[in-house]
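Structural overview for review
Chain by chain, the residues run as shown.
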Amino acid sequence: MNDLRPLGYWLKLVDSLISEQFANSLEEHGVTRRQWQLLNVLSRGSATGGELTAALAPFFGEAQAEDEPTSPSEHLAELVESGWVSEQGHTFALTERGAVSLDRLTEIVDGMREESSAGISAEDYAITVNSLQRMATNLGWDPSKPPADA
């Protein structure tokens with residue numbers, strides 16, 4: 001039976017399934033979803049720890065696995081240790097090695113996005129995203145704040 005469930009049910013379910021898929025796919029490559037998000041932010045240019053925290057604040061407010069760090073600092077430390085990110089003072093930048101790794105990871109994420117939207121027309125996808133953006137704005141989201149990548 002297909003009963004009509006409210007929007008919140010579907011949002012939480014889809015978010016949970018996306019998180020699970022990210023965890024399974026990215027952890028296979030030794031990277032967490034948060035690390036992938038940090039690499040994405042740094043692909044646009046260097047940033048301070050505070051700027052990275054602000055850019056990813058919505059994601060660190062989400063429920064996470066018990067053993068997952070609750071701020072970018074531990075994720076950054078692992079990326080610096082791996083040579084994917086460099087640190088100069090309090091500023092972080094993507095290294096060449098990190099950029100190559102991000103390109104590979106982006107291919108994986110693009111594949112996940114294609115899989116999750118299979119059977120949905122480009123028009124329906126755009127309508128869904130626009131509707132969710134409008135709902136977020138209606139609920140107080142400020143579009144002038146810098147967006148964080150998902």
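For the structure given in this document, a descriptive report is provided here. (Residues numbered from 1 in each chain as written. Predicted model: local features only at pLDDT ≥ 70, side-chain atom pairs only at ≥ 80, totals over all residues. Heavy atoms only, no water.)

This part takes up the overall build of the chain. Tallying secondary structure elements over the chain gives 7 helices and 3 strands in all. Starting at the N terminus and walking to the C terminus, you meet the elements of the chain as α-α-β-α-α-α-β-β-α-α. In the chain, once contacts between residues fewer than 6 apart in sequence are set aside, the share between residues at least 24 apart is 60%. Of the roughly 10,000 Å² that the chain leaves accessible, carbon and sulfur atoms contribute 54%. (Helix = DSSP H or I, 4+ residues; strand = E, 2+ residues; numbered from the N terminus. Contact = heavy atoms within 4.5 Å. Areas by Shrake-Rupley, 256 points an atom, 1.4 Å probe, with all protein chains shown as cover.)

Let us look at helix H6 (residues 96-116). Under the 1.5 Å per step criterion, the end-to-end length of H6 is 30 Å for 21 residues, consistent within 8% with the ideal 30 Å. Residues Gly98, Ser101, Leu102, Leu105, Val109 and Met112 constitute the buried set of H6. Projected onto a plane normal to the axis of H6, the buried residues spread over an arc of 100 degrees and lie on a single side. Facing away from the buried surface of H6 by more than 90 degrees, the exposed residues are Glu96, Asp103, Arg104, Glu107 and Glu114. (Expected span 1.5 Å × (residues − 1). Buried < 20%, exposed > 50% of the residue type's maximum accessible area, 1.4 Å probe, protein only. Arc of directions from axis to C-beta.)

This part covers the packing of aromatic side chains. Taken as a whole and judged by the stated rule, the model has 2 aromatic pairs. Ring centres of Tyr9 and Trp10 lie 4.9 Å apart, and the angle between their planes is 85 degrees; on these two criteria the pair is classed as edge-to-face. Ring geometry for Phe22 against Trp36: centres 5.4 Å apart, planes inclined by 55 degrees, an arrangement best described as tilted. Linking Phe22 in helix H1 (residues 7-27) with Trp36 in helix H2 (residues 33-42), this pair joins segments that are 14 residues apart in sequence. (Phe/Tyr/Trp six-rings, centres within 6.5 Å; stacked < 30°, edge-to-face > 60°.)

Further remarks concern the pairing of strand E2 (residues 85-88). Both E2 and strand E3 (residues 91-94) contribute to a ladder of 4 bridges, which runs antiparallel. Bridging from a neighbouring strand, Ser86 pairs with Ala93 of E3. Taking the residues between adjacent antiparallel strands as the criterion, E2 and E3 are bridged by 2 residues, where Gly89 takes a positive phi near 70 degrees. (Pairing = 2+ DSSP bridges.)

A contiguous nonpolar patch, built from Leu7, Leu11, Leu132, Met135 and Leu139 and spanning about 460 Å² of accessible area, is present on the exposed surface. Looking at the nonpolar patch, the elements that each hand over two or more residues are H1 and helix H7 (122-138). With respect to the secondary-structure elements, Leu132 resides in helix H7. (Patch = residues over 30% accessible without salt bridge, like charges linked within 9 Å, V, L, I, M, F, W, Y side chains within 5 Å. Salt bridge = Lys/Arg side-chain N within 4 Å of Asp/Glu carboxyl O.)

The geometry of H2 relative to H6 is characterised by a closest axis approach of 11 Å and an angle of 115 degrees between their N-to-C directions. As for how H2 packs across H6, the hand of that crossing is left-handed. Listed contacts from H6 to Trp36, Leu39 and Asn40 of H2 are Leu102, Leu105, Thr106, Val109 and Arg113. Residue composition of the contact of H2 with H6, by class: 5 nonpolar, 2 polar and 1 charged. (Axes fitted to C-alpha atoms, helices over the stretch in contact; angles between N-to-C directions. Left-handed = near helix turned anticlockwise from the far one by under 90°. Nonpolar A, V, L, I, M, F, W, Y, C, P; charged D, E, K, R; others polar.)

With antiparallel pairing, the 3 strands of this open sheet are ordered in space as E1-E3-E2. Every interior strand has two partners, whereas the edge strands, strand E1 (47-48) and E2, have only one. Taken together, the 2 bridges between E1 and E3 define a ladder with antiparallel strand orientation. Within E3, the position partnered with Thr48 by the bridge is Thr91.

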